[in-house]
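Now for the letters of each chain:
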Amino acid sequence: MKHRTKYSVIAGLTRNPLKNVNPFLGILFLMLLLSCDKQTSDPLDKKVNDLLSQMTLEEKIGQMNQISGYGYNEDMAGQIKAGAIGSILNEVDAETVNALQKAAVEGSRLGIPILFSRDVIHGFKTIFPVPLGQAASWNPQVVENGGRVAAVEAASVGIRWTFAPMIDISRDQRWGRIVESLGEDPYLTSVLGAAMIKGFQGDSLNDPTSIAACAKHFAGYGAAEGGRDYNASIISTEQLRNTYLPPFKAAVEAGVATFMVSFNEINGIPSSGNEYLVKQILRNDWGYNGLVVSDWNSVGEMVPHGYVKDLSEAAEAAVKATVDMDMENHAFLPYLAQLVKDGKVKEADIDNAVRRILKLKFQLGLFENPYVEIKESVFYAEDHLAKAKEAAIESVILLKNENNVLPLSDKIKSIAVTGPLADAPHDQMGTWVFDGDKTHTITPLAALRAEYGSQLKINYAPGLNFSRDLDKKQFAQAVAAARASDVVLFFAGEESIFSGEAHSRADISLPGAQKELLTELAKTGKPIVLIIMAGRAIEIGKELPLVDTYLFSFHPGTMGGPALTDLIFGKAVPSGKLPVTYPKMVGQTPIYYNHKNTGRPAGDNLPTVENIPLEAGQVSLGCSSYYMDAGKDPLFPFGYGLSYTTFEYSDLKLSATELTKNDRLTVSCVVKNTGKVAGAEVVQLYIRDLVGSITRPVKELKAFDKVTLQPGEAKTVEFTLTTDALKFWNEKDREILEPGDFDLWVGTNSAEGLKSSFVLK
Ligand code: BGC
């Protein structure tokens, strides 16, 4: 039992920051704050307020209106001139952007520029691996590079706002949008989300190559019931604070310019009208004063949710929750003026929303430089392709490599290249690709032929034309190619349409006849390397014994082919680690490593369906928490990934075994490359808080570092933890630090590691 009363401290801001303040002082403080807002000395705020003071109510509401573009046309230009549009999404051509911008700057009464936006999720033209793949790199620099390249390319056509990063904690492989996320862990997502924001926004928003980032979808979207998109999320206060909100708080700390609310409801309240979430937590508690945009029609969708009766009520609820911009809801423009006149919405709330929108436009330099300079194309620049290749290499996870089939040895003289993803330039790019051109994609087949075609016999026979293909008539050719080769490279997976928004699956195994094709290939007795390109962890338990090697590459983007070729031939060494727990069967989902323990945790050597005696007694299996057919463990744990070399961990040292609340704990460990090639290892630090006033997860990632080691080289890896890392939110919505015992591990994944412990006094 901990001494809660002695040292439990409220470490964060509570729901009511003025609760314990003398009421008179509180009122004085509030008055001061309000007057500061109006008579600000900040020159930027002054510009914003000056402009705002010249605007009619209709013009203000116009700034809050975002519509989807469809090329230049007089109707849209007319609306812009009338001051009825503040932002346009989906225009991707510099000339159209400039023509529409001209209507705003030269044709509207106040000349306020339009903010152009687009979903630039994992690249504009040069496509990087899907976000979940980038997360597998566990390398913030890789993720930052992805954001930077995307920003440079998108900004070159006038796009100055992207709707990324998506930082919804995602633990259900059925959910199609897991592919857009950075995985299941709050800490990993926080670090990588901040890196992506840095990449998009650069050093200053004012730089013409910077684009505003958007932390989305606020919040709890990844908890959609059953992995069914748009569904209700039921999340306790404790889970919301400890699991779903940390990446968003980290995004605020990283200076993210905008936020997007989510489609879903949390505990009965849709995010688009959720005052507790947006106004209280995001704005009041975290002090975020940037732009919040709705999701596409998410305000209007509060009607079918059954939260409001019509669009007018929807607009009212959204503005009250401090949602500033209406993305394609068509709710603000027609209803807000009347709502203000009826006294249902305060004009002061409209003013605050418009201040945030104008401020961002000033920060982006749009008033000084509204037009995009049409220059030589930066698309697919050499450096962009090189960074995309690096990202693809670091995103690939080696999950099995029996008999060290990879890297392929010099003795290999012929390879069979088969499977529906070996030469699928469109699908290799993955979901949320609107602008990437498949003719620029280099597929594995193309890269293998280009680099090894003159030295090796490459026998290509796809076997299936696409992932869903059920037609087996090309099986014989694929099997013949396998027979004629020293090794089989089987490129399997999902088409890009199988993941992304509204693309959930109830069966997450290989689609079409791929399992049958793999079975036929295995009958040849040739070594098989399975390479899966997909947007989620694919159920593979039954097929895994058929293959020697398993490389999981997600959808690796434009440069996926060259990246995989380097990995297959050992010019590059795999270093990716799972950013999600990999289930054995879909029935195990949602599955994640930092779960709670239950009162009856499962031990080892559990009876399973194969060995339970007939008519066994109801309690004879031991009554613990596991699946009789899948056991208690996933196929691969979170953080798992192999290399062509091996790493040895030793000398775990803690600077202290007793801490007080102001101490720092230094943790060090020696990691040695014990193999024959250089490689990179992601060193992971986990803790467990053994007893809590609310129960604590069995493990929590608190730090990681990716280190490169030459053969035989050893490095001391050091981490410093402050006691902030030990705090958690309780069921009363308080962030607390509780004294007690902690276990700590440093290791190669969430299931293995050197163990130590310490006490917080
Ligand atoms: C998605 C968002 C996206 C928006 C704009 C919505 O359907 O949920 O993530 O940014 O569309 O395209």
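Quick caveat: nothing in here was measured; it's all calculated off a predicted structure.

**A short note on the sheet that holds strand S10 (residues 291-293)**
Strand order in the open sheet formed by three strands is S6-S7-S10, and the pairing between neighbours is parallel. At either margin of the open sheet sits one strand with a lone partner, and together these are strand S6 (214-218) and S10. With strand direction ignored, the average angle separating the axes of adjacent strands in the sheet is 25°. Sheet topology note: the strand S7 (residues 258-261)/S10 ladder contains three bridges and is parallel. Of the residues in S10, the one forming a bridge with Thr258 is Leu291.

**Quick word on the sheet that holds strand S18 (residues 647-654)**
With antiparallel pairing, three strands are arranged side by side in an open sheet as S18-S20-S23. A single partner strand is all that each edge strand has here, and the edge strands are S18 and strand S23 (714-722). With strand direction ignored, the average angle separating the axes of adjacent strands in the sheet is 20°.

**Examining the pattern of salt bridges**
In the structure shown here, the tally under the stated rule is 41 salt bridges. Residues Arg536 and Glu494 are paired through a salt bridge, measuring 2.5 Å at the closest nitrogen-oxygen approach. One end of the pair, Arg536, is in the loop between strand S16 (528-533) and strand S17 (549-552); the other, Glu494, is in the loop between strand S15 (487-493) and helix H20 (514-522), with 42 residues separating them in the sequence. Taking relative accessible area as the criterion, Glu494 reaches 0% and is therefore assigned buried. Between Lys727 and Asp724 there is a salt bridge, and its shortest N-O distance comes to 2.5 Å.

**Quick look at the nonpolar core**
Ranked by size, the top nonpolar core spans 114 residues in total, and within it Phe218, Phe259 and Leu336 carry the most contacts. Tallying contributions element by element places helix H16 (residues 347-363) first for this core, with seven residues. Beyond its immediate chain neighbours, meaning those up to four positions away, Phe218 contacts Leu245, Phe248, Phe259, Met260, Val261, Ser262, Ser271, Leu277, Val278, Leu282 and Trp286. Leu132, Ala482, Leu510 and Ile528 belong to the second largest nonpolar core, which has 39 residues in total.

**Some words on the domain arrangement of the protein**
Once the domains are mapped, the protein shows domain 1 (392-568), domain 2 (592-633) and domain 3 (647-760). On a C-alpha basis, the centroid separation for the pair domain 2 and domain 3 is 29 Å. Between domain 2 and domain 3, the residue contacts involve five residues of the former and 10 residues of the latter. Carbon and sulfur atoms make up 56% of the area that domain 2 and domain 3 hide from each other, which totals about 600 Å². It is Tyr593, Lys596 and Asn597 in domain 2 that bury the most area against domain 3; as a group they hold 75% of the surface buried on that side. Where domain 2 meets domain 3, there are zero salt bridges. Tallied by class, the residues present in the side of domain 2 that touches domain 3 amount to one nonpolar, three polar and one charged.

**Digging into the packing of helix H8 (residues 140-155) against helix H17 (residues 382-395)**
Look at H8 against H17: their axes get within 10 Å of each other, and the N-to-C directions meet at 150°. With respect to the hand of their crossing, H8 and H17 are arranged in left-handed fashion. Facing Val142, Asn145, Val149, Val152 and Glu153 of H8, the residues of H17 in contact are His384, Lys387, Glu390, Ala391 and Glu394. Of the residues in the contact of H8 with H17, the class split is four nonpolar, two polar and four charged.

What counts, and at which threshold
Residues numbered from 1 in each chain as written. Predicted model: local features only at pLDDT ≥ 70, side-chain atom pairs only at ≥ 80, totals over all residues. Heavy atoms only, no water. Pairing = 2+ DSSP bridges. Helix = DSSP H or I, 4+ residues; strand = E, 2+ residues; numbered from the N terminus. Axes fitted to C-alpha atoms, helices over the stretch in contact; angles between N-to-C directions. Salt bridge = Lys/Arg side-chain N within 4 Å of Asp/Glu carboxyl O. Buried < 20%, exposed > 50% of the residue type's maximum accessible area, 1.4 Å probe, protein only. Core = buried A, V, L, I, M, F, W, Y, C linked by side-chain atoms within 4.5 Å. Contact = heavy atoms within 4.5 Å. Domains from an automatic or database assignment. Buried area = accessible area lost by both parts, 1.4 Å probe. Nonpolar A, V, L, I, M, F, W, Y, C, P; charged D, E, K, R; others polar. Left-handed = near helix turned anticlockwise from the far one by under 90°.

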